[in-house]
Amino acid sequence: MEIWVSQLFTGISLASILLLVALGLTFTFGQMNVVNMAHGEFIMAGAYTAFVVQGVLGAQLLSISIPVALVLAFVVAGAIGLLMERTILRRLYSRPLDTLVVTWGVSLILQQLARMIFGAQNVEVKAPSWLSGGLALHGVTFPYSRLFILAVVVVAIAAIWFLMNRVPYGRQMRAVVQHRQLAATSGIRTHSVDATTFFVGSGLAGMAGVALTLLGPIGPTLGTNYLVDAFLVVVVGGLGQLPGAVIAALALGLLNATLEFNTNASLARVLVFVAIVAFLQFRPQGLIALRTRALR
Amino acid sequence: MEFRRPGVASFGLIAISIGMLAVIACGGSSTTTTSSGTIKVGLLHSLSGTMAISEVSVKDAELLAISEINAKGGVLGKQLVPVIEDGASDWPTFAEKAQKLISTDKVAVVFGGWTSASRKAMLPVFERNKALLYYPVQYEGLESSPYIYYTGATTNQQIIPALDYLKSQGKMKIYLLGSDYVFPRTANKEIKAYAAANGMTILGERYTPLGSTEYGTIVNKLKAAAPDFVFNTLNGDSNVAFFKQLKAAGLTDKTMPTMSVSIAEDEVRGVGVDNLVGHLVAWNYYQTTDNAQNTAFVKAYKAKYGATRVTDDPIEAAYVQVYLWAAEAAKANSVDPEKVKAAAGGIIFNAPEGLVTVNGDNHHVSKTARIGIIGSDGLIKEIWNSGKPIEPDPYLKSYAWAKGLS
């Protein structure tokens, strides 16, 4: 019994991680149709932000380092994303496939930059005491780090929903996605909206990076581990669809956990990919589809 | 051996070594192997790419040994001149550069490699050219090229002693966890054969893809299986994720002890000391190994490369193998590969890890096995050793239970 509860929690936790790394991509890829291969490096930038923040704050302030890093990482990764958008991507909006090559180049540059600044060896981000250990209930341990990531995801989704549905700027972002020319004629400054969308998407990747330091390694190639998963969630969920991404992440997380439990990690991964390919045969537009720039 | 996450970063060092390479290349280009009072030796490791930082440390150790030997008068009265090439973490490049060192630079010997993949790429080059390669890293065994000397541990000097230790402690229920490629799978095949012959139970065997970072399911499996010990052959980044998530699930070195064969002093820092304290590792050398040779070696290494650098097993083996070759050449009174080979058997060297003896038949060296516990200072403390050097047996011929493995 305990093992099933543990395993269910592992699946949900995996889903929250998938969703976290994919959230930013629902903006940059889903909304803006940029095949952003540098998304993983924005995650990496967030993780290194956590490392730097811990170094600056020191041991006494370790307990607040992760929340501080979450905020700072949003800004740092967002700024890198904004820089990339302003200098390179805005010239390529009519050529989505070219963004793949260009952003891949940017990802290599960012990786090498991290290697030059922080060294090729992994760095360590300590989990503060309130994130160490876990909540033990009836023989099942729920690690605080995983609960924390779950909470971060829930808060992030609530914030995004609020932004997109209740804030005028969010509505403008949706308007630009749905019909750029019409939005422009209505007086929306589409270039500025593009920049903001990219900032938010990249910033979310940075936050994901901070959360991931609690679970995984922190090195220059950290982001590449998560890039494919992030794209999978966005594609299965439907481009730019937040509810779709949530459902897709949950399905993929639970499926992966179940399959891995009953087979092994390598085979589970293969089976998940097979399931995704089969699914996309029937719904190439993903779980939830909306007419976007991408699909016209 | 396996992939391991690169060690200490130092672009300065890489730059320096590239600079040295340029100087050496210019200075030595007109000389042949033994003319004009020098002997050229090749150093072939990854100085760029993903393996760079591990292999840079190994190259540094070899350069230290060369400068020490030169200070004592060199080999056969001639100074050693290192020719450094970059394998670039790319296996075909290793083969190409090996060929270049042999035919263009005409080096007397090559010290090189880290991953088993790079060694396998270089093997045919050395066999074809009848040239010598010294390889410093523990690996999965089942190999014995006439032109390669293996100065790291083979399985019966690392993995089998680790199992002997666990058995002696009454830890009979083992769970196998490894990255999904040749080294862990080969090692686990041997472990299962050992377990079957020694009354140990294998509760489970799990592999995760290289670079995997999600261990929630594995941790649940481990918890449910409740083994006495986890035998860990995970590699690189995966170790970070595994140990973080193990600790987060409330499992410690007391409740879920592990024995790792790919985590040395260099890796401990990347995984995070907090996550590793109390867990066990199996090697042949630790920075803390207590003898006069090691004290001098650690001091010289830190003096040359910086106090924050650590020494570990592959670094020590790289240092030792230069001395082994030098002793063999001195005994042969020649640097000709065939004569060196003929002289190699029985060469004894008082190394930082203790006495090592070259086995003339299988080209490995005898090594003392050591089990260590990771301390809160990030260093590893020895808690058990085999008492004497173990004869290398790459094909496990002397173990009845291993019949049919190779």
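Just so you know, these numbers come straight off a predicted model, no measurement behind them. Every chain begins its residue count from 1, and numbering advances along the sequence as written. Lettering for chains starts from A, numbering for ligands starts from 1, and both go in the order in which the items are written. Residue-level local features of this predicted model are given only where pLDDT is at least 70; pairs of side-chain atoms are given and counted only at 80 or more, and the full residue set underlies all totals for whole chains, interfaces and linings.

1. Side note on the overall build of chain A
Then comes step 1: Each helix and strand in chain A was counted, giving 11 helices and two strands.
Then comes step 2: Counting from the amino terminus, chain A carries its helices and strands in the arrangement α-α-α-α-β-β-α-α-α-α-α-α-α.
Then comes step 3: Atoms considered for the radius of gyration are the C-alpha atoms alone. The globule rule reads 2.2 Å times the number of residues to the power 0.38. For chain A, the C-alpha radius of gyration of 19 Å lies close to 19 Å, the compact-globule estimate for 296 residues.
Then comes step 4: Principal-axis analysis of the C-alpha atoms places the extent of chain A at approximately 60 × 45 × 35 Å.
Then comes step 5: Put simply, a residue is buried when 20 or more other C-beta atoms lie within 10 Å of its own C-beta and exposed when 12 or fewer do; between those, it is partly exposed, and each C-beta is set from the backbone. Counting every position in chain A, which comprises 296 residues, the buried fraction comes to 51%.
Then comes step 6: Note on contacts: residues are paired as contacts if their backbone-placed C-beta atoms lie within 7 Å. Excluding contacts between residues fewer than 6 apart, the proportion of contacts in chain A whose partners are at least 24 apart in sequence is 77%. Secondary structure follows DSSP: runs of H or I at least 4 residues long count as helices, runs of E at least 2 residues long count as strands, and numbering of each begins at the N terminus.

2. Some points on unusual backbone geometry
All names here are of chain B.
Then comes step 1: Of note in the backbone geometry, alanine 88 takes a positive phi value of approximately 60 degrees without being a glycine.
Then comes step 2: Even without glycine at this site, asparagine 333 takes up a positive phi of about 55 degrees.
Then comes step 3: Within the secondary structure layout, asparagine 333 lies in the loop between helix H12 (313-332) and helix H13 (337-344).
Then comes step 4: Note on asparagine 333: 10 C-beta atoms within 10 Å, which makes it exposed.

3. Section: the interface of chain A and chain B
Then comes step 1: Taken together, the contact pairs 32 residues of chain A with 33 residues of chain B.
Then comes step 2: Of all elements in the fold, only helix H1 (2-31), strand E1 (134-137), strand E2 (140-143), helix H5 (144-166), helix H10 (242-262) and helix H11 (265-282) of chain A reach the threshold of two or more residues within the side of chain A that touches chain B.
Then comes step 3: No other element matches the six residues that H1(A) contributes to the side of chain A that touches chain B.
Then comes step 4: Classifying every residue of the side of chain A that touches chain B by side-chain character gives 11 nonpolar, 16 polar and five charged. All amino acids are sorted into three groups, where Ala, Val, Leu, Ile, Met, Phe, Trp, Tyr, Cys and Pro are nonpolar, Asp, Glu, Lys and Arg are charged, and the leftover types, Gly among them, are polar.

4. Here's the deal with the domain arrangement of chain B
Residue and element names in this part refer to chain B.
Then comes step 1: Note that the domain bounds were set by an automatic or database domain assignment. For chain B, the assigned domains are domain 1 (11-153 + 290-357) and domain 2 (156-285 + 369-402).
Then comes step 2: For domain 1 versus domain 2, the distance between C-alpha centres works out to 29 Å.
Then comes step 3: Listed by partner, the interface residues are 20 residues for domain 1 and 15 residues for domain 2.
Then comes step 4: Elements with a minimum of two residues in the side of domain 1 that touches domain 2: helix H2 (52-71), H12 and strand E12 (354-357).

5. Some thoughts on the packing of helix H2 (residues 39-57) of chain A against helix H4 (residues 96-118) of chain A
Between two packed helices, the angle of one axis relative to the other and the distance separating the axes together describe the packing.
Residue and element names in this part refer to chain A.
Then comes step 1: Simply put, an axis is a line fit to the C-alpha atoms, just over the touching stretch for a helix, and the angle between two N-to-C directions goes from 0 to 180 degrees. In contact at an axis separation of 9 Å, H2 and H4 are set at 20 degrees when each is read in the N-to-C sense. By the criterion of interaxial angle, the relationship of H2 to H4 is roughly parallel. Remark: the crossing between H2 and H4 carries left-handed chirality. Touching Gly40, Glu41, Met44 and Tyr48 of H2 are Ser107, Leu110, Gln111, Ala114 and Phe118, all from H4.
Then comes step 2: Class assignment of the residues belonging to the contact of H2 with H4 gives a composition of five nonpolar, three polar and one charged. Roughly parallel refers to an angle under 35 degrees, roughly antiparallel to one over 145, roughly perpendicular to one between 65 and 115, and oblique to any angle outside these ranges. We call a crossing left-handed when the near helix sits turned anticlockwise from the far one by less than a right angle, and right-handed when that turn is clockwise.

6. Side note on the sheet that holds strand E8 (residues 229-233) of chain B
Residue and element names in this part refer to chain B.
Then comes step 1: When DSSP finds two or more bridges between a pair of strands, those strands are recorded as paired. Taken in spatial order, the seven strands of this open sheet run E7-E6-E8-E9-E10-E13-E14, and their pairing is mixed. Either end of the sheet is taken by a strand with one partner, and the two such strands are strand E7 (201-208) and strand E14 (380-385). Strand-to-strand twist across the sheet, computed as the mean angle between neighbouring axes with direction ignored, equals 25 degrees.
Then comes step 2: Summarising the sheet, E8 and strand E9 (residues 258-260) pair through three bridges and their orientation is parallel. Across the sheet, valine 230 pairs through a bridge with threonine 258, a residue of E9.

7. Digging into the pairing of E12(B)
On any regular strand, side chains alternate: one points to one face of the sheet, the next to the other face.
Residue and element names in this part refer to chain B.
Then comes step 1: Taken together, the four bridges between strand E11 (residues 348-351) and E12 define a ladder with antiparallel strand orientation. Counterpart to asparagine 350 in the pairing with E12 is leucine 355.
Then comes step 2: Here E11 hands over to E12 after two residues, the two strands then running antiparallel side by side.

8. Section: the packing of helix H3 (residues 91-103) of chain B against helix H4 (residues 116-129) of chain B
All names here are of chain B.
Then comes step 1: At a closest axis distance of 8 Å, the pairing of H3 and H4 adopts a crossing angle of 30 degrees. Taken together, the axes of H3 and H4 lie roughly parallel to each other. You can see that H3 and H4 cross each other, and the crossing is right-handed. Contacts from Trp91, Pro92, Phe94, Ala95, Ala98, Gln99 and Ile102 of H3 reach H4 at Ala117, Ser118, Ala121, Met122, Val125, Phe126 and Asn129.

9. A word on the environment of Thr201(B)
Residues and elements named next belong to chain B.
Then comes step 1: With respect to the element layout, threonine 201 can be found in strand E7.
Then comes step 2: When the C-alpha positions of threonine 201 and lysine 171 are compared, they lie 9.6 Å apart, and in sequence the two are 30 residues distant.
Then comes step 3: If near-sequence neighbours (up to four positions away) are discounted, threonine 201 is found in contact with Met172, Lys173 and Ala195.

10. Side note on the pairing of E8(B)
Residue and element names in this part refer to chain B.
Then comes step 1: In terms of burial, E8 is largely enclosed, as five of its five residues are buried.
Then comes step 2: Sheet topology note: the strand E6 (residues 173-179)/E8 ladder contains five bridges and is parallel. Bridge pairing links isoleucine 174 to phenylalanine 229 in E8.
Then comes step 3: For the handedness criterion, the β-α-β arrangement of E8, helix H8 (residues 237-248) and E9 is classed as right-handed. Crossover handedness is defined here as right-handed if the route from the first strand over the helix to the second strand goes clockwise, with the strands pointing away from the viewer.

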